[in-house]
Every structure is written in structure tokens, then in C-alpha cells.
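Examining the three-dimensional arrangement
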Amino acid sequence: METDAVHPRVLGYLGRALSLELSAVQQYMTQASLVGLWGDEAAADRFRQETVEEMQHAERIVQQMLSLGVAPAASQLHPVTHAADLVGLLEHNAVLEQQLIDHYDEASRFCQLVGDQANGEFFAALLEDEQHHGRDLEAWLQELGGRRRRGYARYGAMAPANNGPRGTSQRNPSQRDLSRRASF
Ligand SMILES: [Fe+2]
Ligand SMILES: [Fe+2]
């Protein structure tokens, strides 16, 4: 398809998709290192695997943009959301995955609306992958006892790390303990 045949909004969806996928790469890469510092190598491996999957999504988007004759230009990465324990990290990840799901859902429906079958199928395939990520994430959260945060805190990048009702020692690491319970 020639560039001039692509609806400008489709290019916009691709650009935002790249920003979201690279944000996911940054988030999962950071979390792999963080939980590694906490000594949880099994979780670190899972986050590393997710980093690779999101990077592959970013690569597919770059390839799609190049095939349409446009230069990939992710505009802004979302800041990595922080939490003081694994469940908190996964809750943030559920928000990010839902953003990806919503984005690909909207993008694929828009392509359908304007009769752009090729890009519609491209977004639908990514939607399926992200829905799969979302289900895996929910299962992981359930294994750990389910969601604990309530209210705005679970949505906010700026929520304090020790916010919420838990108040356990895990959520208030001492300075001396930071090598094991590193947070940011
Ligand atoms: Fe992705
Ligand atoms: Fe994902």
C-alpha cells in the first residue's frame, strides 16, 4: 500500500502503538532487574521473557511503518511505574496491558471502518497477543493471591511506593535492606 493511501489516523495508531510497546519494554526490563535484586529469579525470568515479546511487537510495528513508507518515531515513553512488591508491579502491568488492548481494539475497529484490511489484520493480531498477555497476567496475580490495591493508586505512575492499607514490612523497606528490596 502506498503511503498516500493510508489514512493518517492509521499512521497515528501505529505511532502510539510503538510508544506503548517501547514503554512496555522499558517497564518489563526494569522490573526484571528490580525483582532480580529482590532475589526472585523466577519472576525476573518471566519479566525478561515479556521484555522480549514486547520488543518483538515493537519490531513488527517498525517493519509495518517502513513498509508503509513512514519513519518510526515513538513520541514519548511512559515512565516506569513503581511498586515495592511483585503484586504491586503486576497491578501496574495490568494497567499497561489494558492500554495496549484498548489501543489495538480501537485501531483495528477504525481500520475496519475505513476498509483498510491489511492494517486491520495487523492490529487484530497484536490485539490477540496483548489479550493473551492480559490473561497470563491475571493468572499470575491470582497465583499470588489476587489484586490488593483499591482506588486511584493502582492507576497512578506517581502513587507512593508505600501507599495503601497493607503497611507490611515488605512495603516499608529499611535503608539497610535496600540492596535486597531495591525500589525506585
Ligand atoms: Fe506488546
Ligand atoms: Fe503485552
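The structure presented is a predicted model; accordingly, all values stated were derived computationally and were not measured.

Our next topic: the overall build of the protein. Looking only at helices and strands, the protein has four helices and zero strands in total. The helix and strand sequence of the protein, counted from the amino end, reads α-α-α-α. For the protein, buried positions account for 28% of its 184 residues.

Turning to the confidence of the model for the protein, a few remarks are in order. Overall, the prediction assigns the protein a mean pLDDT of 85, with 78% of residues at 70 or greater. pLDDT under 50 marks residues 152–180. Its contacts with residues more than four places away, or in other chains, come to 29 contacts.

Moving on: the packing of helix H1 (residues 8–37) against helix H3 (residues 86–114). It is the contact of H1 with H3, at a shortest axis distance of 10 Å, that shows an interaxial angle of 165°. By the angle class used here, H1 and H3 are roughly antiparallel. Like other packed secondary-structure pairs, H1 and H3 cross with a definite hand, here left-handed. In this structure, H1 uses Arg9, Val10, Tyr13, Arg16, Ala17, Leu20, Ser23, Ala24, Gln27, Gln31 and Val35 to contact H3, whose residues at the interface are Leu86, Leu89, Asn93, Leu96, Gln99, Leu100, His103, Ala107, Phe110 and Cys111.

The next subject is the packing of H3 against helix H4 (residues 117–143). Relative to each other, H3 and H4 sit at 160°, their axes nearing to 8 Å. Classified by the angle their axes make, H3 and H4 are roughly antiparallel. By crossing handedness, the relation of H3 to H4 is classed as left-handed. A per-class count over the contact of H3 with H4 returns 15 nonpolar, nine polar and three charged.

On to H4, then. If you check H4, its first and last C-alpha atoms are 39 Å apart, about what 27 residues at 1.5 Å a residue would give, namely 39 Å. Within the span of H4, buried status applies to Asn119, Phe122, Phe123, Leu126, Leu127, Glu130 and His133. Those residues of H4 hidden inside the fold are in contact with H1, helix H2 (41–67) and H3. Phi turns positive, to about 105°, at glycine 145, one or two residues after H4.

With that settled, consider the environment of arginine 148. Tracing the backbone shows arginine 148 in the segment after H4. Here arginine 148 falls in the partly exposed class, since 15 other C-beta atoms lie within 10 Å of it. With 60 residues separating them along the chain, arginine 148 and glycine 88 place their C-alpha atoms 8.0 Å apart.

The next subject is the environment of valine 95. Tracing the backbone shows valine 95 in helix H3. Valine 95 gets classed as partly exposed once you count the C-beta atoms within 10 Å, which come to 14. Between the C-alpha atoms of valine 95 and glycine 134, which are 39 residues apart in sequence, the distance is 9.3 Å.

What follows covers the nonpolar core. Among the nonpolar cores identified, the biggest contains 26 residues, and Ala17 and Phe123 are the most heavily contacted of them. Of all the secondary-structure elements, those providing two or more residues to this core are H1, H2, H3 and H4. A total of twelve residues in this core trace back to one element, the largest contributor, which is H1. Filtering out sequence-adjacent residues up to four positions away, alanine 17 remains in contact with Ile61, His103 and Ala107.

A separate point is the environment of valine 10. Relative to the helices and strands, valine 10 resides in helix H1. Taking the C-alpha atoms as reference, valine 10 lies 9.2 Å from serine 108; in sequence the two are 98 residues apart. If we ignore the near neighbours within four places in the chain, the residues touching valine 10 are Cys111, Asp116 and Asn119.

Reading the values: the criteria
Residues numbered from 1 in each chain as written. Chains lettered and ligands numbered in written order. Predicted model: local features only at pLDDT ≥ 70, side-chain atom pairs only at ≥ 80, totals over all residues. Helix = DSSP H or I, 4+ residues; strand = E, 2+ residues; numbered from the N terminus. Buried ≥ 20, exposed ≤ 12 C-beta atoms within 10 Å, placed from the backbone. pLDDT = per-residue confidence, 0-100. Contact = placed C-beta atoms within 7 Å. Axes fitted to C-alpha atoms, helices over the stretch in contact; angles between N-to-C directions. Parallel < 35°, antiparallel > 145°, perpendicular 65-115°, else oblique. Left-handed = near helix turned anticlockwise from the far one by under 90°. Nonpolar A, V, L, I, M, F, W, Y, C, P; charged D, E, K, R; others polar. Expected span 1.5 Å × (residues − 1). Core = buried A, V, L, I, M, F, W, Y, C linked by C-beta atoms within 7 Å.

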